[in-house]
Amino acid sequence: RQMERMIVSMQDPDMGIKMRNQRLLITVIPHAMTGNDIVEWLIQKYSISEEESLHLGNLIVKHGYIYPLKDPRSLVLRADESPYRFQTPYFWTSTKWPATELDYAIYLAKKNIRKQGDLIEHEKDNYNLLHKRINHTWDFVVMQAREQLRAAKQRRKGDRIVIDCQEQAYWLVNRPPPGAPNVLEQGPARRNCHTTRVQLTKNMDYYKREIEYCRKAMARTRVKSSICLEGYIKFNEQYVPHDPIMSGCLPSNPWITDDTTYWAMNAPTVPTPVKLRVERWGFNFSELLTDPLGRAQLLDFLKKEFSAENLSFWEACEELRYGEQSRIPEIVDSIYQQFLAPGATRWVNIDSKTMERTLEGIKTPHRYVMDDAQMHIYMLMKKDSYPRFLKSELYRNLLAEAVIPPETKKRVFPFMRKQRHSSPSPALL
Amino acid sequence: MCDQTFLAVVFGPCDKCSNEKPLRAVYIKSEQLSYCSLCVEMVQFVDLHHRLKLHGLIPLGDITHKHRDLPGQSFEAGLSNHQLFAVHQVAERVEALGQFVMKTRRTLKGHGNKVLCMDWCKDKRRIVSSSQDGKVIVWDSFTTNKEHAVTMPCTWVMACAYAPSGCAIACGGLDNKCSVYPLTFDKNENMAAKKKSVAMHTNYLSACSFTNSDMQILTASGDGTCALWDVESGQLLQSFHGHGADVLCLDLAPSETGNTFVSGGCDKKAMVWDMRSGQCIQSFETHDSDINSVRYYPSGDAFASGSDDATCRLYDLRADREVAIYSKESIIFGASSVDFSLSGRLLFAGYNDYTINVWDVLKGSRVSILFGHENRVSTLRVSPDGTAFCSGSWDHTLRVSA
């Protein structure tokens, strides 16, 4: 586990944290370090900021790998002179050594015996609970506790404090007080390759599929990495001005200024679109199609060119692809009647081979029966109509008339918060 | 007296495979051995393979099958040009990013337990979020008002999704099902009454997503499969088998001819599927641990993944390999959730150490680290128009930052 690797490197005698004898009140504790040391070391080793180093250090303490000597009740890292020590590997959380009830009972019993009334609320509750539950072995528990205390008394004070703090930290991690987050908590159990219940029976079918997959994989053309990576850079150049987080947005980011003008100006249907939006339609065909306003403009243009049925056909095919299963025969029929039948009102121009295949497929209608035809029409629009659209007067006018919203002036009185109005839910419309 | 000559065995049993073959002398760890030609080839290949693995620049598994007896396309020939680029080498001339300031703008409190998943609505301000105690809440995150709330009959609702029309939500978890709830403002109607049970798996539901319309749902489950369902009838349209362990996440490709999606699982593999045929098109296996989250790059040519091994990686689909690793020695906790900013320049990743790291995708370096959550960040999504991102955490809150 990676945390442990970090801890081990911390303890390294040459590169690790310098440990000295620290003073705790009157006793001297060997092999301890200050909170400050930990933070400094983390900053140096991983070149991170102080805030991050403190955060990371805190997490290490919370998971019980380092424990505080001065205030053992709270597992917190303080970047000052307070002393800390490394937890013995015996107590590490990853050893998966189960923190059994018996051990916890012994620990609580020890605490109780040593100083009456030293148990905190929740510990008292746990103590009573355990007492009820393992009543039969209670004598054993008490005896063990007494033995451990006696053995402890024979050790030096310094060692005793250390062992106490160790144990305390261990139990704080394994039995956190109510209200404190339990760092050992994980989500629902997951299974990986070794413990899975997934049946991957290596029978004939499996190998057939593997062979097919490998064959397809070998036949697939791979683009040279350098070209792909150039693609990212180009994409980045094109889109960064449109990225609100990178380049800000005009008039202002609604989340920062509480002003929803940005959303109002970029709503799906708006009389005058914003300049950035119109520019974006020129990036690629998909941008134009996915924006409802853009699509409407495209439709207008196509009408002028007498090829509007292409767009309608494409839209109908989309409806088929993503529509309800039960309506598929109905939609296929409607598409045929409107677009494919000889003499149809909105006949689309597809090449004969595709038409043949599609007509054949219609006999057994399924969701993807129009895919070939749809792709053909899509490519037609993309390669033919789209470039003409971009050069057309319609588009040029749109660009010229598009607005660039002015930037909202920074508010002079930061305490005046604008009223946040709710917008109508799409579910209502 | 003649010079001492070393005995060179030229025919006999190979030191590796013990077959009787013509032999060659080979030095392995300063020791002279005699291998047959086949074993020599294998050693060369293994060494090269190993070195490339160390750089993390080839996908495992598939290569060994593919290149075996292929006459023209030798694996080593293809790589002898040393075209092993990572993104940051090509992006040297791109400007570095300046100081980054992002703050929490809204905090949504209302869940009584760990927030496990969230999704944005297309209207850019509403979100749906689900939590461990079975509550699914729809918020208008701009005003922080709660608009709808449903209590599921199971705990650990790990998946939730908003329909593209904004009229319904889907969620599921330990009940092994995905249920769709139409959103209604009618005070007399109980939302739970209109619930439609759509998907049925044999293990927990880990992720779900609507396709381009309200009528189809894609789900991923702990039983190792993904499935495509028709919402109206609840019918299974297509199922996707191939993962060797629990599938934890999925994402649909953004392209307009969109027919593929990527899924990541506990078998450390990320697989790209064809929705129409149910076949796996590509698979990538370079992570060292469970893949918690996958997300497509905005152009659809690549995707990023976040995993328990504390790294995020970028895989290119056309080049068919990993092109970048986002990791730092000081990050030792797994990444639970990743998402790109609108231009794809920034990768936001939420980690189990309660922080969110912002990576520069092109340069491969970390831009900033955001604190604020008091427990692990379980889910992170950028809003549809890219103005902000929302992160949900086990500390019962969601935060919108911009």
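These numbers come from a predicted model, not from an experiment. (Residues numbered from 1 in each chain as written. Chains lettered and ligands numbered in written order. Predicted model: local features only at pLDDT ≥ 70, side-chain atom pairs only at ≥ 80, totals over all residues. Heavy atoms only, no water.)

Help me understand the overall build of chain B, please; the structure alone is not making it clear to me.
Of regular secondary structure, chain B possesses four helices and 31 strands. Sorting the 402 residues of chain B into buried and exposed places 61% on the buried side. In chain B, the share of contacts with a sequence separation of at least 24, taken over all contacts with a separation of at least 6, comes to 43%. As presented, chain B carries roughly 15800 Å² of accessible surface, and 49% of it is formed by carbon and sulfur atoms. (Helix = DSSP H or I, 4+ residues; strand = E, 2+ residues; numbered from the N terminus. Buried < 20%, exposed > 50% of the residue type's maximum accessible area, 1.4 Å probe, protein only. Contact = heavy atoms within 4.5 Å. Areas by Shrake-Rupley, 256 points an atom, 1.4 Å probe, with all protein chains shown as cover.)

Can you help me understand the sheet that holds strand β16 (residues 236-241) of chain B in this one?
Two pairing modes exist for strands in a sheet, parallel and antiparallel, and in both the strands are linked by backbone hydrogen bonds. Residue and element names in this part refer to chain B. With respect to topology, four strands assemble into an open sheet ordered β13-β14-β15-β16, the strand pairing being antiparallel. Single-partner strands in this sheet number two, and they are β13 (205-210) and β16. Strand-to-strand twist in this sheet, taken as the mean axis angle between neighbours without regard to direction, amounts to 15°. Where strand β14 (residues 216-221) meets strand β15 (residues 225-230), five bridges bridge the pair, whose relative direction is antiparallel. Bridge pairing links T219 to A227 in β15. (Pairing = 2+ DSSP bridges. Axes fitted to C-alpha atoms, helices over the stretch in contact; angles between N-to-C directions.)

What am I meant to see in the environment of H241 of chain B here?
You can see H241 of chain B is positioned in strand β16. H241 of chain B gets classed as partly exposed once you look at its relative accessible area, which sits at 49%. Through-space distance from the C-alpha of H241 of chain B to that of R399 of chain B is 36 Å; in sequence the pair is 158 residues apart. With residues up to four places along the chain from it excluded, the contact list for H241 of chain B reads R209 of chain A together with T225 and W273 of chain B. Here the side chain of H241 of chain B touches S239 of chain B through a polar contact of 3.2 Å, side chain to side chain. (Polar contact = N/O pair within 3.5 Å; in protein donor to acceptor, adjacent residues only side chain to side chain.)

Even after reading the chapter, I still don't get the pairing of strand β24 (residues 321-326) of chain B, so can you show me in this structure?
Along any regular strand, the residues point their side chains to alternate faces of the sheet. All names here are of chain B. The element β24 is largely enclosed, with a buried count of five among its six residues. Taken together, the five bridges between strand β23 (residues 312-316) and β24 define a ladder with antiparallel strand orientation. Residue pairing in the sheet places L314 in a bridge with A324 of β24. Between β23 and the antiparallel strand that follows it, β24, lie four residues; D320 among them carries a positive phi value of about 65°.

Help me out: how do you make sense of the UniProt feature "repeat: WD" (unreviewed entry) in chain B in this one?
Taking the UniProt record as the reference, the feature "repeat: WD" (unreviewed entry) is found at residues 108-140, 198-239, 240-283, 284-325, 337-369 and 370-402 of chain B. The span residues 284-325 of chain B is 0% helix and 55% strand, and its two end C-alpha atoms sit 14 Å from each other. (UniProt positions renumbered as here; feature names shortened; annotations may be inferred.)

In this structure, what is going on with the packing of aromatic side chains? I would like to understand it.
Where two aromatic rings form a pair, the distance of their centres and the angle of their planes describe that pair. Taken as a whole and assessed by the stated rule, the structure comprises 25 aromatic pairs over all chains. Taken together, a centroid distance of 4.3 Å and an interplanar angle of 25° make the contact between F235 of chain A and Y239 of chain A stacked. With F235 of chain A and Y239 of chain A both in helix α9 (residues 225-239), this residue pair falls four residues apart, about one helical turn. The burial state of F235 of chain A is the same as that of Y239 of chain A; both residues are buried. Here a set of aromatic residues connected by ring pairs shows up, and it is made of Y232, F235, Y239 and F283 of chain A together with Y297 and F340 of chain B. (Phe/Tyr/Trp six-rings, centres within 6.5 Å; stacked < 30°, edge-to-face > 60°.)

How should I be thinking about the packing of helix α18 (residues 352-362) of chain A against helix α19 (residues 371-391) of chain A in this particular structure?
When two helices pack together, their arrangement is captured by the angle between the axes and the distance separating the axes. Residues and elements named next belong to chain A. Where α18 contacts α19, the two axes come as close as 8 Å, and the packing angle between them is 150°. Where α18 abuts α19, its residues T354, R357 and T358 lie against D372, A373 and H376. Of the residues assigned to the contact of α18 with α19, the class counts are one nonpolar, three polar and two charged. (Nonpolar A, V, L, I, M, F, W, Y, C, P; charged D, E, K, R; others polar.)

What should I look at first to understand the environment of D385 of chain B in this one?
You can see D385 of chain B is positioned in the loop between β29 (377-382) and β30 (389-393). Those residues in contact with D385 of chain B that lie beyond four places of it in its chain are P244, Y262 and W263 of chain A together with K124 and L342 of chain B. At 2.9 Å, the side chain of D385 of chain B forms a polar contact with the side chain of W263 of chain A.

Looking at this structure, how should I read the pairing of strand β5 (residues 115-120) of chain B?
Residue and element names in this part refer to chain B. β5 sits mainly inside the fold: six of its six residues count as buried. Relative to strand β6 (residues 126-131), β5 runs antiparallel, the two sharing five bridges. Residue pairing across strands places D119 opposite V128, the latter belonging to β6.

How should the UniProt feature "domain: RGS" (unreviewed entry) in chain A be read in this particular structure?
On the UniProt side, "domain: RGS" (unreviewed entry) is annotated at positions that read residues 284-399 of chain A here. Span residues 284-399 of chain A is 74% helix and 0% strand, its end C-alpha atoms 16 Å apart.

Looking at this structure, how should I read the interface of chain B and chain A?
Often, the extent of an interface is quoted as the loss of accessible area upon association of its parts. In this assembly, 118 residues from chain B lie in contact with 88 residues from chain A. Both faces combined, the contact of chain B with chain A buries some 8600 Å², and carbon together with sulfur accounts for 59% of it. Our enumeration of links across chain B and chain A arrives at five salt bridges. Across the pair R220 of chain A and D320 of chain B runs a salt bridge whose closest N-O atoms are separated by 3.0 Å. Linking chain B to chain A there are 19 residue pairs in polar contact (both at pLDDT 80 or more). Element by element, the count of residues in the side of chain B that touches chain A is highest for strand β20 (residues 280-284) of chain B, at four residues. In the side of chain B that touches chain A, the residues fall into 49 nonpolar, 35 polar and 34 charged. (Buried area = accessible area lost by both parts, 1.4 Å probe. Salt bridge = Lys/Arg side-chain N within 4 Å of Asp/Glu carboxyl O.)

Honestly, the sheet that holds β24 of chain B in this entry has me stumped. Any pointers?
All names here are of chain B. With antiparallel pairing, four strands are arranged side by side in an open sheet as β21-β22-β23-β24. Pairing within the sheet leaves two strands with one partner each, and these edge strands are β21 (291-296) and β24. In this sheet, adjacent strand axes meet at a mean angle of 25° when their direction is disregarded. One ladder, built from five bridges, connects strand β22 (residues 302-307) with β23; its direction is antiparallel. In the strand pairing of β23, G306 is matched with C312.

Where do I start with the pattern of salt bridges in this structure?
Residue and element names in this part refer to chain B. Following the criterion strictly, the structure yields 30 salt bridges over all chains and no others. Here E322 and R313 are joined by a salt bridge, their closest N and O atoms 3.1 Å apart. Residues E322 and R313 agree in their burial class; the two are buried. Taken together, the shared-partner salt bridges connect D123, R125, R126, D140 and E147 into one network.

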